[in-house]
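Summary of the model geometry
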Amino acid sequence: MIERDVIILGAGPAGLSAAAELARLKVGKIAVLDREQAAGGIPRHCGHLGYGWNEFRRIMTGPAYARRLAETAGAAELKLGVTALRLEPGGVVQTTGAEGPQAWRGRAVLLALGARETPRSARLVSGARPWGVMNTGALQQFVYLHGKRPFERPVIIGSELVAFSTLLTLRHVKVRPAAMIEAGRRITAQRPGDWIARLAFGVPVLLDTRLIRILGHERVEGVEVDRGNGPERLDCDGVVFTGRFRPENALLAGSHLAVDPGTRGPAIDQLWRCSDPAYFAAGNLLRGIETAGQCWREGQAAARIIAATLLGKLAPPAASVPVQAAGALAYVYPQRLTAEDPIDPELLFFARARAATKGAIVLRGDDTVIWSRQIDALPERRIAWPVSPKDLQAHKSITVSLEPQA
Amino acid sequence: MAEFDRADVVIIGGGVVGCAIFRRLALAGLKPLLLEAGEDILSGASKGNSAILHTGFDAPPGSLEVVCMQAGYREYQAIRNRLNLPLVETGALVVAWNEEQLARLPAIVAQAHQNGVEDVTQISAEELRQREPQLAPHALGAVRVPGEHIIDPWSAPLAYALQGLAHGGRIRRGCTVSGGSFDGAWSLVTERGRITAGLVINAAGNFGDRVEAICRESPFKITPRKGQFVVFDKPAAQLVKSIILPVPTERTKGIVICRTAFGNLLVGPTAEDQETRDVAEVDEQALAMLIAKGQEMLPGLAEIGVNAVYAGLRPATQFKDYQISAQPERRWITVGGIRSTGLTAALGIAGQVGDLVAQHFHPMEESAPTWTPVPNLCEERPRPYQIGGEIVCHCEWVTRGEIEAALTGPLPAGDVGGLKRRTRAMMGRCQGFYCSAQVAAIAEGRITL
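Only a predicted model underlies this, so the values are computations on that prediction, with no experimental measurement involved.

On to the overall build of chain A, then. Helix and strand counts for chain A stand at 8 helices and 28 strands. Relative to the 2.2 N^0.38 estimate, which gives 22 Å for 406 residues, the radius of gyration of chain A is 22 Å and therefore close to what a compact globule would have. Viewed in the frame of its principal axes, chain A has a C-alpha envelope of about 65 × 60 × 40 Å. For chain A, buried positions account for 60% of its 406 residues. As presented, chain A carries roughly 16500 Å² of accessible surface, and 51% of it is formed by carbon and sulfur atoms. Computed over 51 positive and 39 negative side-chain charges, the inter-centroid distance for chain A is 4 Å.

Right, let's get into the overall build of chain B. Along chain B, the regular secondary structure elements total 12 helices and 21 strands. Taken against the 2.2 N^0.38 rule, which gives 22 Å for 449 residues, the C-alpha radius of gyration of chain B at 22 Å falls within 12% of a compact globule. Projected onto the principal axes, the alpha-carbon positions of chain B cover approximately 65 × 50 × 45 Å. Buried positions account for 63% of the 449 residues belonging to chain B. Contacts in chain B between residues at least 24 apart in sequence constitute 74% of all its contacts with a sequence separation of at least 6. Total accessible area on chain B is roughly 16000 Å²; 51% of this is exposed by carbon and sulfur atoms. Seen as two clouds, the 43 positive and the 48 negative side-chain charges of chain B have centres 3 Å apart.

Turning our attention to the UniProt feature "domain: BFD-like [2Fe-2S]-binding" (unreviewed entry) in chain B. This chain's UniProt record puts "domain: BFD-like [2Fe-2S]-binding" (unreviewed entry) on residues 391-442 of chain B. Note that residues 391-442 of chain B is 42% helix and 10% strand, and that its end C-alpha atoms are spaced 13 Å apart.

Here we come to the packing of helix α4 (residues 136-145) of chain A against helix α12 (residues 436-443) of chain B. The interhelical angle for the contact between α4(A) and α12(B), taken along N-to-C directions, is 40°, at an axis separation of 8 Å. Overall, the two elements α4(A) and α12(B) adopt an arrangement that is oblique. Of α12(B), the residues touching α4(A) (which contributes A138(A), Q141(A) and F142(A)) are S436(B), A437(B) and A440(B). Looking at the contact of α4(A) with α12(B) residue by residue, the class counts come to 4 nonpolar, 2 polar and no charged.

Turning to a nonpolar patch on the surface, a few remarks are in order. Residues and elements named next belong to chain A. Judged by side-chain polarity, L49, W53 and I59 come together as a nonpolar surface patch covering roughly 340 Å² of accessible area. Checked against the element boundaries, I59 lands in the loop between α2 (53-56) and β4 (60-61). A residue is classified by how much of its surface remains accessible, and I59, at 49% relative accessible area, is partly exposed.

Here we come to the side chain of D5(B). Mapped onto the secondary structure, D5(B) falls in strand β1 (residues 3-12). Within the structure, the side chain of D5(B) is placed 2.8 Å from the side chain of R172(B), a separation counted as a polar contact.

Below, the discussion takes up the sheet that holds strand β10 (residues 126-127) of chain A. All names here are of chain A. Sheet architecture is open: 4 strands sit in the order β10-β15-β16-β17, paired in mixed fashion. Every other strand in the sheet has two partners, leaving β10 and β17 (231-235) as the edge strands with one partner each. In the sheet, strand β16 (residues 222-226) pairs with β17 via 5 bridges, with the strands oriented antiparallel. When the sheet's bridge partners are listed, G222 is paired in β17 with D235.

On to the domain arrangement of chain B. Residues and elements named next belong to chain B. Each domain of chain B was delimited in the assignment, giving domain 1 (3-50 + 154-220 + 319-360), domain 2 (88-149 + 223-316) and domain 3 (384-443). Using only C-alpha atoms to locate each centre, domain 2 and domain 3 end up separated by 29 Å. Listed by partner, the interface residues are 6 residues for domain 2 and 6 residues for domain 3. Of the roughly 500 Å² buried where domain 2 meets domain 3, counting both sides, 40% is carbon and sulfur surface. When the buried surface of domain 2 facing domain 3 is broken down by residue, K234, F262 and N307 rank first, second and third, together holding 71% of it.

So, on to the interface of chain A and chain B. Where the parts come together, the accessible area they lose is often given as the size of the interface. The partner chain B presents 39 residues to the 41 residues of chain A that form the contact. Taken as a group, R116(A), L124(A) and W131(A) account for 17% of the area that chain A buries against chain B, more than any other trio of residues on that side. Applying the counting rule to chain A against chain B returns 3 salt bridges. One salt bridge in this structure joins R213(A) and E281(B), with 2.8 Å as the shortest N-O distance. Applying the counting criterion to the chain A and chain B interface returns 15 residue pairs in polar contact (both at pLDDT 80 or more). Residue assignment for the side of chain A that touches chain B shows that the elements contributing at least two residues are β6 (82-88), β7 (92-97), β9 (115-117), β10, α4, β15 (210-215) and α7 (250-253) of chain A. The greatest single-element share of the side of chain A that touches chain B, amounting to 4 residues, is contributed by α4(A). For the side of chain A that touches chain B, the residue count by class is 17 nonpolar, 13 polar and 11 charged.

Right, let's get into the environment of R383(B). Residue and element names in this part refer to chain B. Structurally, R383 is set in the loop between α8 (342-360) and α9 (384-387). As for R383 and V398, which are separated by 15 residues in sequence, their C-alpha atoms are 8.9 Å apart. If we ignore the near neighbours within four places in the chain, the residues touching R383 are N376, L377, C378, E396, W397, V398 and E402.

All names here are of chain A. What the domain assignment lists for chain A is domain 1 (1-117 + 244-317), domain 2 (119-243) and domain 3 (319-406). Taking the mean C-alpha position of each, domain 1 and domain 3 sit 25 Å from one another. On the side of domain 3, 19 residues touch domain 1, which itself brings 24 residues to the contact. Across the domain 1 to domain 3 interface the summed buried area is about 1800 Å²; carbon plus sulfur atoms make up 51%. Among the residues domain 1 hides against domain 3, the three largest losses belong to I268, Q270 and E290. Together they make up 30% of the total. Counting across the domain 1 and domain 3 interface gives 2 salt bridges. When the shortest N-O distance is used, the salt bridge between R382 and E290 registers 2.4 Å. Connecting domain 1 to domain 3 are 13 residue pairs in polar contact (both at pLDDT 80 or more). For the side of domain 1 that touches domain 3, a count of residues per class yields 12 nonpolar, 5 polar and 7 charged.

On to the pairing of strand β13 (residues 243-246) of chain B, then. All names here are of chain B. Of the two faces of β13, the one lined by I243 and L245 and the one lined by I244 and P246 are each fully buried. Across 4 bridges, strand β4 (residues 92-96) lies against β13 in parallel orientation. The residue bridging A92 from the neighbouring strand is I243, located in β13.

This part takes up the environment of P13(A). Residues and elements named next belong to chain A. Mapping P13 onto the fold places it in helix α1 (residues 13-24). Taking C-alpha positions, P13 is 7.5 Å from G293, a pair spaced 280 residues apart along the chain. Residue contacts for P13: discarding those within four places in its chain leaves G40, P43, Y65, L69, A292, C295 and W296.

All names here are of chain B. Extensive coverage of helix α6 (residues 208-215) is indicated by the burial of 6 of its 8 residues. Three or more residues of α6 are buried, namely G208, D209, V211, E212, I214 and C215. Among the structural elements, β1, β9 (177-182), β10 (186-190), β11 (193-202), β18 (323-327) and β19 (332-336) are those in contact with the buried residues of α6.

A few words now on helix α1 (residues 16-27) of chain B. Residues and elements named next belong to chain B. Taking 1.5 Å as the rise per residue, α1 with 12 residues should run 16 Å; its terminal C-alpha atoms sit 16 Å apart, in good agreement. Burial within α1 is extensive, with 12 of its 12 residues counted as buried. Of all the positions in α1, only V16, V17, G18, C19, A20, I21, F22, R23, R24, L25, A26 and L27 are classed as buried. Trailing α1 by a residue or two, G29 shows a phi angle of about 80°, which is positive.

Most peptide bonds take the trans configuration, and most residues that are not glycine carry a negative phi. Residue P334(A) is reached from Y333(A) by a cis peptide bond, and omega for that bond is 0°. Positionally, P334(A) belongs in the loop between β22 (329-333) and β23 (336-338). At the junction of G268(B) and P269(B), the peptide bond is cis and its omega measures out at -5° in the coordinates. Phi at L42(B) is positive, roughly 65°, even though this residue is not glycine. The residue L42(B) is located in the loop between β2 (33-36) and β3 (52-53) in this model.

Procedures and definitions
- Numbering of residues begins from 1 in every chain and follows the order in which that chain's sequence is written.
- Numbering of ligands from 1 and lettering of chains from A proceed in the order in which they are written.
- Side-chain atom pairs in this predicted model are given and counted only at pLDDT of 80 or more, local residue features only at pLDDT of at least 70, and totals for whole chains, interfaces and linings cover all residues.
- Note: side-chain values were computed over all heavy atoms of the structure, leaving out hydrogens and water.
- The helix count covers DSSP runs of H or I at least four residues long, the strand count covers runs of E at least two residues long, and both are numbered beginning at the N terminus.
- Between the two quantities, the radius of gyration covers C-alpha atoms and the globule rule is 2.2 Å times the number of residues to the power 0.38.
- Accessible area is worked out with a 1.4 Å probe on protein chains only. A residue is then buried under 20% of its type maximum, exposed over 50%, and partly exposed in between.
- Each accessible area value is a Shrake-Rupley result obtained with a 1.4 Å probe; residue values ignore everything except the protein chains displayed when judging cover.
- Asp and Glu are treated as the negative residues and Lys and Arg as the positive ones, with His and the ends of the chain left uncounted.
- Working definition for charges: the position is that of NZ of Lys, CZ of Arg, CG of Asp or CD of Glu.
- It only takes one pair of heavy atoms within 4.5 Å for two residues to be counted as in contact.
- UniProt positions are given in the numbering used here, feature names are shortened, and annotations may be inferred rather than shown by experiment.
- Fitting a line to C-alpha atoms yields each axis, with helices limited to the stretch in contact; the angle taken between N-to-C directions then spans 0 to 180 degrees.
- Angle categories are assigned with fixed cut-offs, so that under 35 degrees is roughly parallel, over 145 is roughly antiparallel, 65 to 115 is roughly perpendicular, and the rest are oblique.
- Basically, the charged four are Asp, Glu, Lys and Arg, the nonpolar ten are Ala, Val, Leu, Ile, Met, Phe, Trp, Tyr, Cys and Pro, and anything else, Gly included, counts as polar.
- Distance thresholds for patches are 9 Å for like charges and 5 Å for nonpolar side chains (Val, Leu, Ile, Met, Phe, Trp, Tyr), applied to residues having over 30% relative accessible area and no salt bridge.
- Salt-bridge detection follows one rule: a side-chain nitrogen of Lys or Arg within 4 Å of a carboxyl oxygen of Asp or Glu.
- N or O atoms within 3.5 Å of each other form a polar contact, as long as, within protein, one can give a hydrogen and the other can take it, and as long as residues adjacent in sequence are counted only when both atoms are side-chain atoms.
- Here, a strand pair is defined by DSSP locating no fewer than two bridges between the strands.
- Here the limits of each domain have been adopted from an automatic or database domain assignment.
- Here the quantity called buried area is the total loss of accessible area, with a 1.4 Å probe, experienced by two parts when brought into contact, counted for both.
- What a helix is expected to span follows from its residue count: subtract one and scale by 1.5 Å.

Given below as structure tokens:
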């Protein structure tokens, strides 16, 4: 058994920022394990600008940002090419890799496993299965890590922020997409996606357009779309399915840790603690997707809680109050509140709508309305708001509801 | 057109049936030549099936199909350890979901017994619940078939092909037979030249009737029957132990829930007739229907993600039974209409073909076999990642060494599909998000991604 004070699973923005913060706080021996051969997580293959402002006050490319994160975490032990196979109670992690099977035990384990996009298969898109269909993550690796141009004129499915990363990635290899296709009435991304779209290199953005079928047998030859007037053919030689991120949660499924069916990530309390208090979680594993900067902040915040726990400044979790999503909400997290004072004075709730909804978001403690706000929610945009924990802790249960206008 | 190759025996079609015949004839010293139109073996009907090793309990009594299935079932069990092929011993339950289906269970038991599958019994709703507590509570009873199991549908034919190669057989891929003439020997037309054959065996699957027309007016017509499947992520395999079969109708065995040798759970197939022989498309509505049916029978599926979807084509004909026969004067053997049971029956079919060859064409002399064990992909046996190595495909825990091995050797992967079938790389929940670019880099110059 390899013993460390803290084991961090995942060397992306959340994991590396936690490692840097834990090193700064001098909590002991820290190991960061990552299954890839290089540190940095997803930014490692986002070769365009757009990273680092919040963290380092510089606009950086993904790979430069990934390198910088790894440098800041330099005091921690970084083990690459190590795959976690199982999570066991009490902070025991079974791994494999070039050195063979190993068992690790951390006094605390931080899960920072990240997220990935939903592939074509799980979107149930009709058609044969030709080559040339991929997610943005794979496209970025082809382009930025291997210098390849997998197609000449693809279509981009979706308009979340990552779809604009797809545009930039394609531009890097001088590929002009045939179209960006969005099923909704407007693009999903907020700034800077909207202005990248305006400068979208002459790429038509087709709103209110549904992908119905992929054409071609060996290679993609086109797609069939429906813009409200029945099927139309659009010639292309590739399809990039963007977004609809989901937590990379396979390790949780076989474990003892509680998983929230809404987020598909681990259920945590406001102090980043999973159902087994030896385990903490931060970053995109919690819900799907936020920016690298947000994951970085979360990793840092979780690190402070871990440090406080290991230094004996924070009692083990006592009784907790469940937080439940209701109405048109797909999820809300943290999924429970524990009685201790959180270290941050304000508590952030994050939620997401199941479908585009105009209405009110209402936070209730038992049956009392504590807080409410009118919102215009889109499923791919997060809803976040701060609440003073003092307002919450007297209640037996907390419900957060998105209530459509009558 | 110049002669390009010659062989005493040419097998047309490198599906599971062609590979099993290839093995049988190679073991008998005939040095067969296998021609496959696709860039790799298993490019047609054999690439998409439900991967069940059937007992034949529900096959038509007295049919050639049941004879071949049961012989294939026995031979698979006899050779699988030497070839390192898995057997996931699940058993099956034919579940009745309404009174009408419940009333038909005794007849299913009787047919099983008639087919010699003596251990088939009817069980009560209570016993069913005990065995499969996650099944929806409205199940009324079941027939239990302890001998139905799960195998790896791609490693098995690969192992047959490799053993055939080890015994002097040869395989040409990317070689479509488009015509031929007979003057005591066959002269087959391919795009690369003529191939002279002393005996032709038609195992062309979905193209069986077209290849048959080279020899004679085909006595059967193939109407490919499409089956779509949904593959759920690994946690789904915890939901059931047995294969869950429906009470069959005239037309199809219906929608099955079954684990895979790779630790997933699949739901399917549909049964849709189509004209196209070589392409099977999935369709959104059918997939959504399969998911809904799956959840109806196994409610826990609602919580579990879809990893993959696929469609296979079964070579259905107007006949219920297999079409296996010899035309001695034309030096031709027909192996047609091998439906979804072909994976189980392949070794038995190969035995039948071997008998026809011995009877009409060549003596069959068994030599001591050289065994060609294949890499194991099944979770129930040791896999390389457990020992260690660089893991490239994180969803299926495929090592670089496994990918390299699949690209080398006597029958390296011929295309992306072949690489996936040999290794499982890119077949997991992320479908290549994490590893496809790296797999492409490893395979560069050998296959194109």
